[in-house]
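Geometric and topological summary
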Amino acid sequence: MTVNQMKLLIGGVQLRDGVSTVADLVGRILTRAGLHVLGVERNFASTIYGAHQYDPLVVSARPLVSWGDRAIDVLAGLEYDSNPDAPQQPNRDTIRQHAGDLVDGGVLLYDSSGGPVETGALQARGVQVFAIPARDIALRELKKEVVKNLIMTGALFRLLEFDQDERWLRRFLEERFGRKGAAVVDLNLEAARRGRALVERILEDRRQSSVGYRIEAVRDAAPAVYVSGNEALSIGAIEAGVRFYAGYPITPASGILEYMETYLPGYGGRVLQGANERESIRAALGASVAGVLSMVGTSGPGLSLKVEEIGVSGTTETPLVIVDAMRAGPSTGMPTKAEQGDLTLVTGGGHGEIPRIVLAPSTIDECYTLMRDAVRLSDRYQCPVFFLTDLNLSEGRMTVPESVFRPGRASIARHVAAEHDVRGERYLRYRLTDSGISPRLIPGQRGGISKISSTEHDEFGFVTTDPAMRVAQMDKRMRKLHTYLREDAKAPQVYGEVGRGLTLVGWGGTKLALLDARERLRRDGIEAAVVHFTHLWPFPTHLAKPLLDTGGPVVVCEHNYFGQFADLIQAHCLVPTRRVLKYNGRTLYPSEVVRAVREVTHNGAVAVRLGGKDPVMVEVSIDA
Amino acid sequence: MPEAVQATKAIWDQNAAPRHRIQWCPGCGDYAVLNAVKAAVTSLELTPAELLLVAGIGCSGQIRNYLNGNAFYGTHGGALAYALGAKMANPELTVLVMAGDGDTLAIGIENFVHACRRDPDITLVLMNNGVYGLTKGQDSPSAGLGQPDWKPSEEHPPFIDPVEVALTCGATFIAQGFSGDPKHAAQLIVEGVRHRGFAVINDFSPCVTYNKVNTYDWFRAHVETVPASHDPSSKAAAWDLVRDFQRRGKLPTGIVYRAARAKGDGAKRLPTWPDELARADVEPLVKRLR
Ligand code: SF4
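Residues numbered from 1 in each chain as written. Chains lettered and ligands numbered in written order. Predicted model: local features only at pLDDT ≥ 70, side-chain atom pairs only at ≥ 80, totals over all residues. Heavy atoms only, no water.

1. Some thoughts on the site of the ligand
As a reminder of what qualifies: We call a residue near a molecule or strand as soon as one heavy atom of that residue lies within 4 Å of the molecule or strand. Side-chain classes are defined by residue name, with Ala, Val, Leu, Ile, Met, Phe, Trp, Tyr, Cys and Pro counting as nonpolar, Asp, Glu, Lys and Arg as charged, and the others, Gly among them, as polar.
Near the ligand you find W24(B), C25(B), C28(B), C59(B), N129(B), G133(B), C207(B), V208(B), T209(B) and Y210(B), and these make up its full shell. Residue classes in the shell around the ligand are distributed as 7 nonpolar, 3 polar and no charged.

2. Quick notes on the domain arrangement of chain A
Residues and elements named next belong to chain A. To keep it simple, the criterion reads: Boundaries between domains were set according to an automatic or database domain assignment. Whether two residues touch is decided by their heavy atoms; if any such pair falls within 4.5 Å, the residues are in contact. Accessible area that two parts lose when put together, with a 1.4 Å probe and added across both, is what the buried area reports. When a carboxyl oxygen of Asp or Glu is within 4 Å of a side-chain nitrogen of Lys or Arg, the pair counts as a salt bridge. Whenever a nitrogen or oxygen atom comes within 3.5 Å of another N or O atom, the pair is scored as a polar contact, on the condition that within protein one atom can donate a hydrogen and the other can accept it, and that pairs from neighbouring residues in sequence are kept only if both atoms are in side chains. In this text, helices come from DSSP runs of H or I with a minimum length of four residues, and strands from runs of E with a minimum of two, each type numbered from the N-terminal end.
Domain annotation of chain A identifies domain 1 (2–221), domain 2 (226–404), domain 3 (416–488) and domain 4 (493–619). Between domain 2 and domain 4, the contact holds 26 residues from the first and 25 residues from the second. For the domain 2 face of the interface with domain 4, the top three residues by lost area are Q340, L343 and S362, together amounting to 32%. At the boundary of domain 2 with domain 4, the tally comes to 1 salt bridge. Between E366 and K511 there is a salt bridge, with the nearest N and O atoms lying 3.3 Å from each other. Across the contact surface, domain 2 and domain 4 share 12 residue pairs in polar contact (both at pLDDT 80 or more). Counting residues per element, the ones that place at least two in the side of domain 2 that touches domain 4 are α12 (343–348), β16 (357–359), α13 (364–381), β17 (384–390) and α14 (391–395).

3. Comments concerning a nonpolar patch on the surface
Test applied: Patches draw on residues past 30% relative accessible area with no salt bridge. Two like charges within 9 Å are joined, as are two nonpolar side chains (Val, Leu, Ile, Met, Phe, Trp, Tyr) within 5 Å. Note on areas: these come from Shrake-Rupley sampling with a 1.4 Å probe, and a residue is covered only by the protein chains present in the view.
Together, L15(A), I48(A) and Y49(A) make up an exposed nonpolar region whose accessible area comes to about 380 Å². Tracing the backbone through its elements, the reader meets L15(A) in the loop between β2 (5–13) and α1 (19–32).

4. With respect to the confidence of the model for chain B
Going by this rule: Confidence of the predictor at the level of single residues is captured by pLDDT, which takes values from 0 to 100.
Mean pLDDT over chain B: 94, with 99% of residues reaching 70 or higher. Here the predicted complex carries an ipTM of 0.97, next to a pTM of 0.97.

5. As for the side chain of T534(A)
All names here are of chain A. Just so we agree on the cut-off: Each residue gets one of three labels from its accessible area relative to the maximum for its type: buried under 20%, exposed over 50%, partly exposed in between, using a 1.4 Å probe on protein chains only.
Mapping T534 onto the fold places it in the loop between β22 (528–533) and β23 (535–537). Judged by relative accessible area, T534 falls into the buried class, the value being 6%. Side-chain polar atoms of T534 contact the side chain of H535, separated by 2.9 Å.

Have a look at this one:
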């Protein structure tokens with residue numbers, strides 16, 4: 001019997017079968033029941049209706065488990081029919097694409113309303129198949145098609161022996177549908193009961209009472225929420241004091257726009273859906289000029305359009321937080337797949353040289369905690385601060401203890417000047433200072449005026465091409481980066497002991513896979529430490545080099561072709577790196593990392609490319 | 001001139017680039033725009049701290065440094081979008097956008113169109129001269145005015161009339177002025193600033209160096225005051241006026257259209273200062289995720 005440790009996968013037809021509805025319901029209810037759920041491998045399509053969509057969920061009693069490998073324990077297919085456009089082609093993608101990943105002895109649950117599916121081969125290797133006509137029952141007996149989702153949920157819960165007294169489900173439904181009346185709640189509960197009963201009957205026929213997997217509510221678990229990265233970072237931004245948000249619809253950043261539109265006005269803020277990407281960022285800069293903490297969110301294609309304004313923010317010294325929820329590029333790329341391909345763009349994009357800061361959360365809880373830093377740093381250093389997430393982090397969901405959120409906290413301490421702050425000396429918007437940070441009087445305040453200029457300027461803000469003043473202003477702006485490195489840059493997170501073996505290096509959303517890989521390597525007797533970066537730029541050489549320059553192999557794992565972060569490490573630490581690269585739109589699996597590490601340590605590979613037709617492609621240095 | 005007015009006037013020369021550093025060609029229409037803006041802010045009794053000038057890129061944009069008051073200068077075509085955000089953030093600021101025809105009607109037309117739709121309470125003074133002066137005289141989208149034998153092609157399409165675009169896209173205050181009459185232009189700016197909504201003032205400001213067609217004399221021969229009988233609150237009347245002037249080959253100066261849009265509660269300044277941000281408890285947001 002496996003208790004409280006499994007990987008589920010829920011699949012179906014996009015926008016028809018309610019895949020994300022069921023996945024989020026399961027995630028939320030299990031979170032309430034004290035379990036940890038990780039649903040970051042969201043797979044949906046950019047077409048709207050009809051594509052195959054699926055949501056893997058890892059359930060565990062322990063926090064911060066990784067998403068594991070492809071292997072799944074329980075597979076639930078919500079699609080029921082033949083493909084209406086191609087009747088000869090049964091629309092059974094969940095089974096066709098994922099049943100092969102089921103472990104021997106795993107469980108397959110599917111809606112057999114459109115007829116049974118041939119599962120002999122699966123059964124032969126011990127897969128337990130449960131075919132229930134959920135849609136038929138929903139239509140014929142309950143007279144409402146959409147409750148088929150609850151029939152399937154009820155069936156799933158029965159298989160997992162969870163919520164036998166329907167306590168959790170009832171409370172959830174009451175909260176969600178209570179306003180629509182008791183009848184709606186009852187109908188949904190009845191649907192769930194039907195699903196349960198169907199599974200019960202099959203089990204009875206098989207003289208079985210269990211499928212070998214069980215989810216048990218955890219007693220006295222600390223309260224937690226099932227939250228997406230976009231929600232977490234939005235909450236972090238609101239709490240830090242962001243009161244102006246602008247965006248333009250783009251996957252996977254639209255969730256931030258929607259969240260902000262719903263909740264920011266309640267905090268006195270305003271949200272602008274720009275007529276295009278440029279209007280969004282320019283309006284946000286305007287709001288920031290007027291003194292309000294401002295943020296924009298976008299993804300790669302939108303960021304490319306915004307690049308001109310990065311320089312405006314940097315040169316005019318107007319604070320701005322820019323969220324880049326990365327998706328696979330270049331150009332339109334794969335809009336619904338994650339990648340880490342924008343690092344070079346955010347560290348170097350734009351003409352000329354621009355002072356900027358780049359942060360990247362590695363988990364969904366960090367989307368919340370690190371956002372506060374992003375807002376604070378933008379305000380303090382008066383420059384663009386990039387906040388790099390990716391599609392999985394942004395759209396994915398994870399159980400986060402409520403104690404992570406710290407309600408009641410005040411916003412950041414602001415770094416703006418009021419009239420009394422600039423009394424006594426002539427106010428100069430671009431005063432040359434040791435820290436590089438100049439006083440910033442908000443337009444509207446008395447005591448001075450600000451000539452805020454994207455052209456090179458003197459201390460007052462007037463245009464200049466005077467060589468000495470140009471150098472003085474350029475140096476002043478860049479001095480902020482030194483101040484940042486001294487006072488605010490954070491060292492990478494270190495798991496294990498560096499210097500005893502090899503070092504796995506990551507940034508952003510790959511952390512959980514690297515930690516999992518580390519455990520597996522240790523079990524195989526290979527000592528590895530994980531060094532994971534959140535503060536990427538300006539590159540914290542003084543904090544990174546001592547951790548990386550230890551003589552052991554440094555294996556940088558990232559979701560791009562070139563190894564953009566590995567390049568940064570090599571350039572700044574003068575440490576050679578080996579690269580594990582994956583850019584096929586799927587998450588990094590721990591088993592792949594383990595395999596790649598072997599290629600590095602045994603075969604001297606300098607780069608390992610994952611996820612192509614051949615699972616691993618190895619590049620060996622020609623000068624090795 | 002009363003003493004108080006003179007004193008206010010003097011304020012607007014402080015913190016500005018000194019006269020000898022003004023880098024417009026002698027005789028440029030922009031000098032008159034500068035005088036008109038100065039006269040307008042003086043009669044509006046604004047203080048420099050209350051003003052935010054957002055300038056476009058081009059000869060016209062230099063005006064931000066020739067006048068006291070806060071100023072922001074970003075990218076080509078972006079002025080109206082920055083201004084929009086600034087005004088949304090702090091409605092207490094008087095936001096004045098000073099941009100040329102290249103900036104507003106070519107690279108920034110997207111912002112012009114949507115600003116008309118959004119109707120923020122900002123005033124645009126479109127310093128219109130038909131050329132890109134700063135880059136030495138290329139045609140702008142308003143080139144071709146007063147040239148009946150202009151042979152349109154893909155390379156040289158017919159000109160855009162910002163008054164027509166503004167009328168089409170929903171601006172709520174539309175006026176036209178001319179640098180040959182800065183006093184009148186100043187009145188229009190005053191009216192534009194007082195108007196609660198997006199005010200577009202198309203101000204013909206001749207480029208004496210590169211536009212050899214639309215000269216002061218040419219404008220003098222073609223401008224004609226909007227008749228007193230015109231009802232600016234009627235959009236139909238505004239269109240009639242525009243068409244009538246077009247037929248006669250004339251350019252109306254004065255207020256073409258003015259009809260404030262009914263809006264909800266007055267916008268408030270967004271929370272900015274620590275005491276305003278103190279109430280940021282996110283507990284309710286976390287609760288909703290349960
Ligand atoms: S080039 Fe034309 S617009 Fe520019 S300053 Fe000279 S006259 Fe004025």
